[in-house]
Amino acid sequence: MKQSWVAGAQAPDCDFPLANLPYGVFSTAERGPRCGMAIGDSVLDLSELAAEELLTGGDLGFDRPALNHFMTLGAETWAAVRARLTDLLAEGGDPALRENVALRDRALVPLDKAQMHLPVDLRGYTDFYAGRQHAFNSGSILRGPENALTPNWTHMPIGYNGRVSTVVVSGTPVRRPLGQLMSADGPKFGPSQRLDIEVEFGAIVALPTELGQTLTVAEAWEHLFGFVLLNDWSARDIQRWEGQPLGPFQSKAFATSISPWIVTRAALEPCRRPAPKRDNDLLPYLQEDADYFVDVKLEAHLKPEGAAKASRIVQTNTAHLYYSAPQLLAHHAVCGCRMQTGDLLGSGTISGPERQSFGCLMEQSWGGRDQIALEQGGSRIFLEDGDSVILTGWGEVDGQRIGFGGCEGRIAPAPKAVGKAF
Ligand code: MN
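Calculation rules
- Residues numbered from 1 in each chain as written.
- Predicted model: local features only at pLDDT ≥ 70, side-chain atom pairs only at ≥ 80, totals over all residues.
- Heavy atoms only, no water.
- Helix = DSSP H or I, 4+ residues; strand = E, 2+ residues; numbered from the N terminus.
- Rg over C-alpha atoms; globule rule 2.2 N^0.38 Å.
- Buried < 20%, exposed > 50% of the residue type's maximum accessible area, 1.4 Å probe, protein only.
- Contact = heavy atoms within 4.5 Å.
- Areas by Shrake-Rupley, 256 points an atom, 1.4 Å probe, with all protein chains shown as cover.
- Lys, Arg positive; Asp, Glu negative; His and termini not counted.
- Charge placed at Lys NZ, Arg CZ, Asp CG, Glu CD.
- Pairing = 2+ DSSP bridges.
- Axes fitted to C-alpha atoms, helices over the stretch in contact; angles between N-to-C directions.
- Domains from an automatic or database assignment.
- Buried area = accessible area lost by both parts, 1.4 Å probe.
- Salt bridge = Lys/Arg side-chain N within 4 Å of Asp/Glu carboxyl O.
- Polar contact = N/O pair within 3.5 Å; in protein donor to acceptor, adjacent residues only side chain to side chain.
- Nonpolar A, V, L, I, M, F, W, Y, C, P; charged D, E, K, R; others polar.
- Phe/Tyr/Trp six-rings, centres within 6.5 Å; stacked < 30°, edge-to-face > 60°.

Chemist: How should the overall build of the protein be read in this particular structure?
Modeler: Summing up its helical and strand segments, the protein has 10 helices and 27 strands in all. Against the 2.2 N^0.38 benchmark of 22 Å for 422 residues, the protein shows a C-alpha radius of gyration of 22 Å, consistent with a compact globule. With respect to the principal axes defined by its C-alpha atoms, the protein has extents near 70 × 55 × 40 Å. Relative to its 422 residues, the protein shows a buried fraction of 55%. Within the protein, contacts between residues at least 6 apart in sequence are counted, and of these 71% link residues at least 24 apart. Surface accessibility of the protein: about 17900 Å² in total, with carbon and sulfur atoms responsible for 52%. Looking at charge distribution, the protein has the averaged site of its 38 positive side-chain charges lying 5 Å from that of its 50 negative ones.

Spelled out as structure tokens, the structure:
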């Protein structure tokens, strides 16, 4: 197994070894946003490497504040750049960066000196409901286990169009939303009392489709660039009251957090897994010709305000999903919907069979009925102001972590009143 010479890249708990090479966008005190890659304890400034003509293939767009241009160049270019960067960063590889001290000082920025930004100029955000155990648990809480799954669920990925304007990068505070809450005395207005997380996996669309164009599942896989951690913050009380008949609206529109690093399909290639057993045959346009699921462990940790340590509250895995990312994209495009470079597709909450693997507090507390004990003391049913939630995720390749570097958000109090002054 090849290793990188960059400091920190060989540590066993490092999210960013040579086998990973995730893309992001960062800025420093000296210079505004540009494209970078996480390696060891550093961000590699890809615009510096391009300026030194260490990367070939024309304008890769790494001096831009988003990865969109690079994503439009397609899989051949992505593979060539990945191979070139692997060579520059590997022990015993091309010494052009390793032995150029001045360039190394410029191009390797310590992670703690890099301010991370959204990695792409996001164009659309669609959230699905592709986790079977989550759909079953949610349906059981609302309708009972006999009618938990709606009749369409095993035939198509269910989704809704979310608000791309409120997708934020890890570290952005999440303000508790105001909204309508149903009570025994009728609807009331105020801060959500049932603020929740959703542990999800996001897929980033790289290649666009024309209006009216469709994609097979295999083609859809080629259109995807990579994956991010995604926390689809949810106000369950607002959702419960507003959700009929058109589904979530305000209850999901106040914030969705994603990790700053996009882990590429190429890095997760060894983590590919076959589809789960199907209840029924899928219609031909959703059938798969290869393994499109991935094995990525996901965790959520909750850190109350002032607490010394976070408590792990969720341990789950992307392999629990029922529909793969290219199935979500193929289904999305099949009506002729134009898909754009920078579209984000959320998987939906990912839950496994045991309570510890349920990917949101609504499931873990079973609709708000049970207290969830925190490892470090205290308990929760839903989130309190000042709580931080940190998602982590990683695949494993030859004992190395193909990690995402975390996705964090802290709950800020709701506005005190409605109006611009607040
Ligand atoms: Mn969701």
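Chemist: Would you mind showing me how to read the sheet that holds strand β2 (residues 34–39) here?
Modeler: Neighbouring strands of a sheet are bound in pairs by backbone hydrogen bonds; such pairs are parallel or else antiparallel. Spatial strand order, β4-β3-β2-β1-β5: five strands in an open sheet with antiparallel pairing. The outermost strands of the open sheet, each flanked by one partner alone, are β4 (108–110) and β5 (115–117). Here the average twist between neighbouring strands, direction ignored, is 50 degrees. The pairing of strand β3 (residues 42–45) with β4 spans three bridges and is classified as antiparallel. The residue bridging V43 from the neighbouring strand is V109, located in β4.

Chemist: Quick question: what am I supposed to make of the domain arrangement of the protein here?
Modeler: The accessible area lost on association of the parts is a frequent measure of interface size. When cut into domains, the protein gives domain 1 (23–117) and domain 2 (124–412). Look at where the C-alpha atoms of domain 1 and domain 2 centre, and you get two points 30 Å apart. Tallying the contact residues gives 18 residues for domain 1 and 17 residues for domain 2. Considering only the side of domain 1, the residues that lose the most area to domain 2 are Y23, M71 and W78, jointly responsible for 44% of the buried surface there. Connecting domain 1 to domain 2 are zero salt bridges. Remark: the boundary between domain 1 and domain 2 carries one residue pair in polar contact (both at pLDDT 80 or more). The greatest single-element share of the side of domain 1 that touches domain 2, amounting to four residues, is contributed by helix α2 (residues 68–72). Tallied by class, the residues present in the side of domain 1 that touches domain 2 amount to 11 nonpolar, six polar and one charged.

Chemist: Explain the pattern of salt bridges here, please?
Modeler: Charged atoms that come close allow side chains of opposite charge to pair. The tally for this structure, following the rule as stated, stands at 28 salt bridges. Among the salt bridges present, the one from E269 reaches R272, with a minimum N-O distance of 3.1 Å. Across the salt bridge formed by K297 and E396, the nearest N and O atoms sit 4.0 Å from each other. Of this pair, K297 sits in strand β20 (residues 297–303) while E396 sits in strand β25 (residues 388–397), placing them 99 residues apart in sequence. Under the relative-accessibility criterion, K297 is labelled partly exposed at 30%. Shared partners join several salt bridges into a network, and the residues in it are R31, R34, D45, E48, E52 and R106.

Chemist: What is the right way to look at the packing of aromatic side chains in this model?
Modeler: The geometry of an aromatic ring pair is captured by two quantities: the separation of the ring centres and the angle between the planes. A complete count under the given rule lists 14 aromatic pairs for this structure. Aromatic pair F70 and F225: ring centres 6.0 Å apart, planes at 90 degrees, arrangement edge-to-face. Remark: F225 occurs in strand β14 (residues 224–231) and F70 occurs in helix α2; sequence separation between them is 155 residues. Here F70 and F225 have matching classes, each one buried. Between the aromatic rings of Y322 and Y323, the centroid separation amounts to 5.1 Å while the plane-to-plane angle is 80 degrees, which identifies the pairing as edge-to-face. One exposure class covers both Y322 and Y323, and it is buried.

Chemist: What is the right way to read the pairing of β2 from this model?
Modeler: As a general feature of sheets, a regular strand has side chains that alternate between the two faces. For β2, the tally of buried residues reaches six of six residues, placing the bulk of the element in the interior. Here β2 shows a buried face lined by R34, G36 and A38 and a second buried face lined by C35, M37 and I39. For strand β1 (residues 23–27) and β2, the ladder comprises four bridges, and the chain directions are antiparallel. Bridge pairing links Y23 to M37 in β2. Counting the residues between successive antiparallel strands, the hairpin from β1 to β2 contains six residues. Taken together, the four bridges between β2 and β3 define a ladder with antiparallel strand orientation. Looking at the pairing, I39 lines up with S42 of β3. The hairpin formed by β2 and β3 contains two residues between the paired strands, and G40 there has a positive phi angle of roughly 60 degrees.

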